[in-house]
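# Summary of structural features
Below, each chain spelled out in residue letters.
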Amino acid sequence: MAEDGEEKLLATVQHIVQTLGSSDTMTEDILKVFSNYDGRLSLDKIYAARGAAAAAAAAAAGGGGERSMPASPPLPPPPQAAAVPGSSARPPATSIERTVRTLDRQISQFVTMDRLIWADSGDADTFLEAVDDLIGTVQELDAAGTNRALLDRADELLSRCMARLEDEFRALIERPDDAAPAAPGGFASDASDDDVEGFFGGTHDDAYGDDEPIPVAKPVTDYDVVIDALSPGSIANVHQISRRMVDAGFGRECAEAYAAARRGFVDESVARLGVRPRTAEEVHASTWEDLEFDIARWIPAFNMVFRILIPSERRLCDRVFDGLAPFGDLAFIAAVRTQALQLISFGDAVSSSSRSPERLFRVVDMYEAVRDILPDLDPVFSDPYSAALRAEVSAVCNTLGSSIKGIFMELENLIRRDPARVATPGGGIHPITRYVMNYLRAACGSRQTLEEVMEGDFSAGGRAAAAVDPDRPTSALAVHIAWIMDVLQKNLDTKSKLYRDPALACIFLMNNGKYVIQKVNDSELGVLLGDDWIKQMATRVRRWSMDYQRTTWGKVTSVLQIGAPGVGGLPAKAMLQKLRMFNTYFEEIYAVQSEWVIADNQLRMDIRSAVEDSVMPVYAALIARLKSAPETGRDLYIKYTPEDVEAHIRQLFEGAAK
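Residues numbered from 1 in each chain as written. Predicted model: local features only at pLDDT ≥ 70, side-chain atom pairs only at ≥ 80, totals over all residues. Heavy atoms only, no water.

### Regarding the overall build of the chain
Within the chain, the regular secondary structure consists of 22 helices and 0 strands. Put simply, of all contacts in the chain between residues at least 6 apart along the chain, 78% involve residues at least 24 apart. Of the roughly 32,100 Å² of accessible surface on the chain, a fraction of 53% belongs to carbon and sulfur atoms. (Helix = DSSP H or I, 4+ residues; strand = E, 2+ residues; numbered from the N terminus. Contact = heavy atoms within 4.5 Å. Areas by Shrake-Rupley, 256 points an atom, 1.4 Å probe, with all protein chains shown as cover.)

As structure tokens, this is what we get:
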């Protein structure tokens, strides 16, 4: 009875299928519904009943001429085309064929949706389950290698599936708010959307808005932050997709989709930092004022990109492609490479442009920004795909260091070429001396960096630069600066020959030499050049001082020589003649040298004291002898008393201050 009941049930199902199943696909759907409803209605039993019915129909058709009711037509085998009238029954479909058809129907419902699948968490889970089944089925068919037609059909379905997954993947990255569900758990975020807005002048959603002016980001000083551009739920969702695409053999396409989706955010973020793309030709053609402005923006932008933006992108990429190497590395470098190279190329262009000395300080700032960031890049660019970008950053550090060296060489050339055309009025400090000494003094504010560059230890191989020995005046920088000082002194020696008066040439050399010593003593130049160099320079100044006294006052003191009193002494008439000659010499000297300049107060006092020491004793002796001589008597006329001479000497070298 049980068997009869089951046979009747199967016959009833067959009749329903025949009545309602207008197509192979609908037939399969109905069969599946029945098989899921009652265990007695398994697909195998239904197809067996179908075969028995087909055989019975064939036997009835072959009997005597007795007309009978036609039997129900056989159920069509699902994977094959509909039976042609009069053809024989086809063999039953295999389970893997039925699986492919079932997955085709299920997946087709999702790939044709006009909304995000991930907008509904239930749909997303169901779709991913179907994807997993399809990937497994394709792998099973590929391993078997016996049904090429079915494998091609499954591959085509897989390609459609991956195309839709890629669309969902990009949408979840570009518009994460469009996907409502948030996966539980996930990763903690170190920076909120407010942080993103603060760093880059607006939220990341703004990157896909209208063509409005891009606001410039606010400057920051704390680079020890990480921005999570996606929520933990969004990261979990895109990771699920990336894992399926990699499993299906579409890892490279997934990496490209990720890079395309994130590149817009990276580009927008860099644009908000106020950095615009510049070719090398544009940089070389820019005025220094414009270029200095661009450098002032480039340095904080470089720090923001390589200290915050790129590490944040690496962190995000590692989470999206967790356990899916090397596709995460490919996606990361493709997302950030363009903007990173844009910043690097600007540094290269600046380093290869004009090396005029005024550019030193900005180039040093650029060099320090790149050098300081190199050690932090090692964990970010640790994979083989991004190692080349790390090498590019290191290379621009080297070129900037070479540019610094070149600027110092250009400074030497500038000093050497400075023409000796017009003498400095009053023997004062020459502008080239002021420029060079103030320049070197300011440059020593970056002494550590300059020591590193001059030693050729560009970027120190990504390590911290070696400490500078403060008592080492023989370092490469010290030798270089000493050479510049020697070039400067030779230039000043040449300029001193513009003065027709040798005494004024001595004043000129004294002024400039003393200025050099002052600037060396009150800066780190003193440490670099050393005490011996300073002593040698002070000796030169004393020699010029003595040359001045001999040239100017030697003839004066010789005129005032009158010998010892008594036998052999000069007569009063001769002494009067000497007095008149002294008055003439002294007036000439005073008229000229009171307009000369000795800029340093102490040096001016020292020179005056030296003049007084050489002139006043002999002049006072002459006046005393004349006053005591009986021939002169009361008719002696003294134009300048010793006090007058001393007062006049103390008015020398005042220059314009007189």
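### So, the packing of helix α16 (residues 447–454) against helix α17 (residues 476–496)
Between α16 and α17, whose axes approach to 8 Å, the crossing angle comes to 95°. The angle between α16 and α17 places the two elements in the roughly perpendicular class. Residue-level contacts link Arg447, Leu450, Glu451 and Met454 of α16 to Ala476, Leu477 and His480 of α17. Here the contact of α16 with α17 is built from residues that sort into 4 nonpolar, 1 polar and 2 charged. (Axes fitted to C-alpha atoms, helices over the stretch in contact; angles between N-to-C directions. Parallel < 35°, antiparallel > 145°, perpendicular 65-115°, else oblique. Nonpolar A, V, L, I, M, F, W, Y, C, P; charged D, E, K, R; others polar.)

### Focus on a negative patch on the surface
Judged by side-chain charge, Asp120, Asp125, Glu129 and Asp133 come together as a negatively charged surface patch. Its place among the elements puts Asp125 in helix α5 (residues 121–144). The exposure class assigned to Asp125 is partly exposed, which follows from its relative accessible area of 42%. (Patch = residues over 30% accessible without salt bridge, like charges linked within 9 Å, V, L, I, M, F, W, Y side chains within 5 Å. Salt bridge = Lys/Arg side-chain N within 4 Å of Asp/Glu carboxyl O. Lys, Arg positive; Asp, Glu negative; His and termini not counted. Charge placed at Lys NZ, Arg CZ, Asp CG, Glu CD. Buried < 20%, exposed > 50% of the residue type's maximum accessible area, 1.4 Å probe, protein only.)

### Things to note about helix α9 (residues 251–272)
An ideal rise of 1.5 Å per residue puts 32 Å on 22 residues; α9 measures up with 32 Å between its terminal C-alpha atoms. A positive phi of about 80° marks Gly274, the residue just after α9. (Expected span 1.5 Å × (residues − 1).)

### So, unusual backbone geometry
Between Ala325 and Pro326 the backbone carries a cis peptide bond, its omega angle lying at 5°. Take Pro326: it is sitting in the loop between α11 (288–320) and α12 (327–351). Phi at Phe653 is positive, roughly 65°, even though this residue is not glycine. By the secondary structure assignment, Phe653 is in the segment after α22 (642–649).

### Quick word on the nonpolar core
Counting 173 residues, the largest nonpolar core has Phe127, Phe169, Phe306, Leu440 and Tyr548 as the members making the most contacts within it. The element best represented in this core is α11, accounting for 16 residues. Ignoring anything within four residues of it in the chain, the contact list for Phe169 reads Val238, Ile241, Ser242, Cys254, Ala257, Tyr258, Val320 and Phe321. (Core = buried A, V, L, I, M, F, W, Y, C linked by side-chain atoms within 4.5 Å.)

### Concerning the confidence of the model for the chain
Scored by pLDDT, the chain has a mean of 81; 74% of the residues are at 70 or more. Confidence, read as mean pLDDT per element, is least for helix α7 (residues 193–200) in the chain (46) and greatest for helix α18 (residues 502–521) (96). pLDDT under 50 marks residues 459–466. Its contacts with residues more than four places away, or in other chains, come to 15 contacts. (pLDDT = per-residue confidence, 0-100.)

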